[in-house]
Amino acid sequence: MSRRKKVIRNLILLIVLLFIFMKQTGLYFTPMSAHESSERGMHYGPSEVIHIEDFKDGKYLLCKYDDFVSCDTVNRFLIFLWSIGNQPIGFQNDKTKPLNYTWSSSFSNWKVYGIVNDTRIKKVEIILDNGIILTQSKLYEDLFLFTWDSSDNGSKGYKRIKGYDSDNKVIYEEEY
C-alpha cells in the first residue's frame, strides 16, 4: 500500500473514531446540537428557540414548545465542544395567570424564566434575597429570562417578582 493510501485510510479511521468518541461521551460541536440531543433524550420537543443568552460556562436557550416554556442549558467543554446541561423540560403555561414562571439553579448559576400572559405587562422585575433588583423590559415573544451568578453577589435566590404596565403600575406581584 502506498504512503498516500495509508494517510487517507488513517485520516478516515481518525474521523470515524472521533465521531464514535463524541457520540459516547455526549460532546457536540455546536450548542444547538447539544440542545437538540438533550430534548431527544427527554422525549421532549423539538422546541422553538426564542432567545439564547451566554453565561460564563455556556449558554441558556429560552424555548417554546406547544403550551410549554423551557430554558435549557448547554455547557462549554474545553474550547470548542459543548455538552448537555440541565434538562430542557420547563412548565406548562397556565394562561389564567398574568405571569407564569419558574426558577432553577446549578451551582452558583441561577435563572428565573417565564411567560407574560397579560398583555398589559410591559416590564418584569425580580428582587433577589440580598436586595438587588433585576429588571427586564425587553420580552422575547412574551418570554423573559433573568440570570445571575450568586458567587458574584452573594444571593441565594429571589424573594419577589413583579409585573408592571407601561405606566409603571404593578399589575402582578408574588412573593416567594
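Residues numbered from 1 in each chain as written. Predicted model: local features only at pLDDT ≥ 70, side-chain atom pairs only at ≥ 80, totals over all residues. Heavy atoms only, no water.

Bringing the environment of serine 151 into the picture now. Residue placement: serine 151 occurs in helix H3 (residues 150–153). By relative accessible area, serine 151 is classed as exposed at 53%. Taking the C-alpha atoms as reference, serine 151 lies 14 Å from lysine 111; in sequence the two are 40 residues apart. (Helix = DSSP H or I, 4+ residues; strand = E, 2+ residues; numbered from the N terminus. Buried < 20%, exposed > 50% of the residue type's maximum accessible area, 1.4 Å probe, protein only.)

For the rest of this paragraph, the subject is the pairing of strand S11 (residues 143–149). Among the seven residues that make up S11, six are buried, leaving the element largely enclosed by the rest of the structure. Pairing between strand S8 (residues 109–116) and S11: seven bridges, direction antiparallel. Bridged to glycine 114 within S11 is phenylalanine 144. (Pairing = 2+ DSSP bridges.)

Residues Ile15, Leu18, Phe19, Phe21, Phe29, Phe77, Leu78, Ile79 and Phe80 make up a contiguous nonpolar surface patch of roughly 980 Å² in combined accessible area. Considering each element in turn, the nonpolar patch owes the most residues, four residues, to helix H1 (residues 3–25). Relative to the elements of secondary structure, phenylalanine 80 occurs in the loop between strand S4 (68–77) and strand S5 (81–84). For phenylalanine 80, a relative accessible area of 52% corresponds to the exposed category. (Patch = residues over 30% accessible without salt bridge, like charges linked within 9 Å, V, L, I, M, F, W, Y side chains within 5 Å. Areas by Shrake-Rupley, 256 points an atom, 1.4 Å probe, with all protein chains shown as cover. Salt bridge = Lys/Arg side-chain N within 4 Å of Asp/Glu carboxyl O.)

This part is about the pairing of S8. With eight of eight residues buried, S8 is to be regarded as a mostly interior element. Relative to S8, strand S7 (residues 99–106) is paired through eight bridges, and the arrangement is antiparallel. In the sheet register, serine 106 faces S8, and the bridge partner there is asparagine 109. Here S7 hands over to S8 after two residues, with phenylalanine 107 in that stretch at a positive phi of 60°.

With 15 residues, the main nonpolar core has Leu99, Val112, Val124, Phe144, Trp148 and Ile161 as its most contacted residues. Looking at this core, the elements that each hand over two or more residues are S7, S8, strand S9 (123–128), S11 and strand S12 (158–164). Apart from residues no more than four positions distant in its own chain, valine 112 is found in contact with Tyr101, Thr102, Trp103, Ile126, Phe144, Leu145, Phe146, Trp148, Tyr158 and Ile161. One finds Phe55, Val69, Tyr140 and Leu145 within the second-largest nonpolar core, a separate group that totals 12 residues. (Core = buried A, V, L, I, M, F, W, Y, C linked by side-chain atoms within 4.5 Å. Contact = heavy atoms within 4.5 Å.)

The next subject is H1. The periodicity of an α-helix, 3.6 residues per turn, causes residues three or four positions apart to be oriented the same way. The end-to-end C-alpha separation of H1 is 32 Å, in line with the 33 Å expected for 23 residues at 1.5 Å each. Residue glycine 26 follows H1 closely and has a positive phi angle near 75°. (Expected span 1.5 Å × (residues − 1).)

The backbone of histidine 43 sits at a positive phi, close to 55°, despite the residue not being glycine. Examined against the element boundaries, histidine 43 turns out to sit in the loop between helix H2 (31–41) and strand S2 (48–55). Despite not being glycine, aspartate 142 has its phi angle at roughly 75°, a positive value.

As a working rule, side chains carrying opposite charge can pair if their charged atoms are close by. Under the counting rule described, the total for this entry stands at five salt bridges. With its nearest N and O atoms 2.8 Å apart, the salt bridge here joins arginine 120 to aspartate 118. Here aspartate 118 falls in the buried class, since its relative accessible area comes to 15%. A salt bridge links arginine 160 to glutamate 175, with the nearest nitrogen and oxygen atoms 2.8 Å apart. Separated by 15 residues along the polypeptide, arginine 160 in strand S12 and glutamate 175 in strand S13 (residues 170–175) bring together distant segments of the chain. Judged by relative accessible area, which is 22%, arginine 160 ranks as partly exposed.

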